[in-house]
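Okay, here's what each chain looks like letter by letter:
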Amino acid sequence: MNDQLKTIFVKAKLNFAILAIILLIAILGKLTNPELSNAIFLNADQLVSELYLVFIAITLGAFVPNFKLVAFGSIGVFVAAVALVELNVFHYFTIEYLFAVLIVVLGFASIANLYRHYREYGL
């Protein structure tokens, strides 16, 4: 394998881990609770058409040098938002909707960051 390609795989292992976890969630969701899984991924599919969310995710993935901040920050915001939903501060959000937002943001940010690593080496 090419040395540049190995370097990209090493640098982007968090990106691949996030994308693999999203795939694993989809598979396990279909096996254990298909109705909930369908609802979450239908919400995620609808969120992709809201371009501002996609642009924010791509910008975070492409321009923030430390991708760990993006990944763990997104998860931290998700946890805080879920806590606020449970405390009835946000009446119009559901946990399924917030999880769909997290999937969209992490997915697009991971792909954009992976592309940034790819472009670094000019492959």
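Before reading further, recall that the structure is shown in the block above.
Here is a short report on the structure shown in this document.

Conventions used here
Residues numbered from 1 in each chain as written. Predicted model: local features only at pLDDT ≥ 70, side-chain atom pairs only at ≥ 80, totals over all residues. Heavy atoms only, no water. Helix = DSSP H or I, 4+ residues; strand = E, 2+ residues; numbered from the N terminus. Buried < 20%, exposed > 50% of the residue type's maximum accessible area, 1.4 Å probe, protein only. Contact = heavy atoms within 4.5 Å. Areas by Shrake-Rupley, 256 points an atom, 1.4 Å probe, with all protein chains shown as cover. Lys, Arg positive; Asp, Glu negative; His and termini not counted. Charge placed at Lys NZ, Arg CZ, Asp CG, Glu CD. 1 Å grid on protein atoms, 1.4 Å probe; cavity = no way out; pocket = protein on both sides within 12 Å on 5 of 7 lines; lining within 4 Å. Points joined across faces, edges and corners; volume = space filled by probe spheres on them. Nonpolar A, V, L, I, M, F, W, Y, C, P; charged D, E, K, R; others polar. Phe/Tyr/Trp six-rings, centres within 6.5 Å; stacked < 30°, edge-to-face > 60°.

## Regarding the overall build of the protein chain
Phase 1: Across its full length, the protein chain carries six helices and zero strands.
Phase 2: Helices and strands in the protein chain line up, N terminus first, as α-α-α-α-α-α.
Phase 3: For the protein chain, the C-alpha atoms occupy an extent of roughly 50 × 30 × 25 Å along the three principal directions.
Phase 4: Counting the 123 residues in the protein chain, one finds 30% classified as buried.
Phase 5: Contacts in the protein chain between residues at least 24 apart in sequence constitute 76% of all its contacts with a sequence separation of at least 6.
Phase 6: A total accessible area of about 7,800 Å² is found for the protein chain, and carbon and sulfur atoms account for 72% of it.
Phase 7: For the protein chain, the distance from the average position of its 7 positive side-chain charges to the average position of its 7 negative side-chain charges is 18 Å.

## Focus: the layout of surface pockets
Phase 1: Roughly 360 Å³ of volume is contained in the largest pocket.
Phase 2: Lining the largest pocket are 18 residues, and of these Leu 53, Val 77, Val 101, Leu 102 and Val 105 sit closest to its centre.
Phase 3: Every element with two or more residues in the lining of the largest pocket is listed here: helix H4 (51-63), helix H5 (67-86) and helix H6 (95-120).
Phase 4: Across the lining of the largest pocket, the residue classes tally to 15 nonpolar, two polar and one charged.
Phase 5: Estimates place the volume of the second largest pocket at around 220 Å³.
Phase 6: Lining the second largest pocket are 13 residues; nearest its centre among them are Ile 18, Ile 21, Ile 22, Ile 75 and Leu 106.
Phase 7: If you tally residues by element for the lining of the second largest pocket, the top one is helix H2 (residues 13-32), at six residues.
Phase 8: Of the residues in the lining of the second largest pocket, the class split is 13 nonpolar, no polar and no charged.

## Examining the packing of aromatic side chains
Phase 1: All chains considered together, the criterion is met by seven aromatic pairs.
Phase 2: The interplanar angle of 10° and the centroid separation of 5.7 Å between the aromatic rings of Phe 93 and Tyr 97 together place this pair among those described as stacked.
Phase 3: Taking relative accessible area as the criterion, Phe 93 reaches 26% and is therefore assigned partly exposed.
Phase 4: Residue classification places Tyr 97 among the partly exposed residues on the basis of a relative accessible area of 26%.
Phase 5: Here the aromatic cluster, defined as three or more aromatic residues joined through ring pairs, consists of Phe 90, Tyr 92, Phe 93 and Tyr 97.

## Notes on unusual backbone geometry
Phase 1: Positioned with a positive phi, Asn 88 is a non-glycine residue whose angle comes to about 60°.
Phase 2: Summarising the element assignment, Asn 88 is placed in the loop between H5 and H6.
Phase 3: The exposure class of Asn 88 is exposed, given its relative accessible area of 53%.

## Considerations on the environment of Leu 84
Phase 1: Of note, Leu 84 is situated in helix H5.
Phase 2: Residue class for Leu 84 comes out partly exposed when judged on its relative accessible area of 31%.
Phase 3: Those residues within four positions of Leu 84 in sequence are excluded, and the remaining contacts are Val 89 and Phe 90.

Scope: geometric values only; no functional claims are made or implied.
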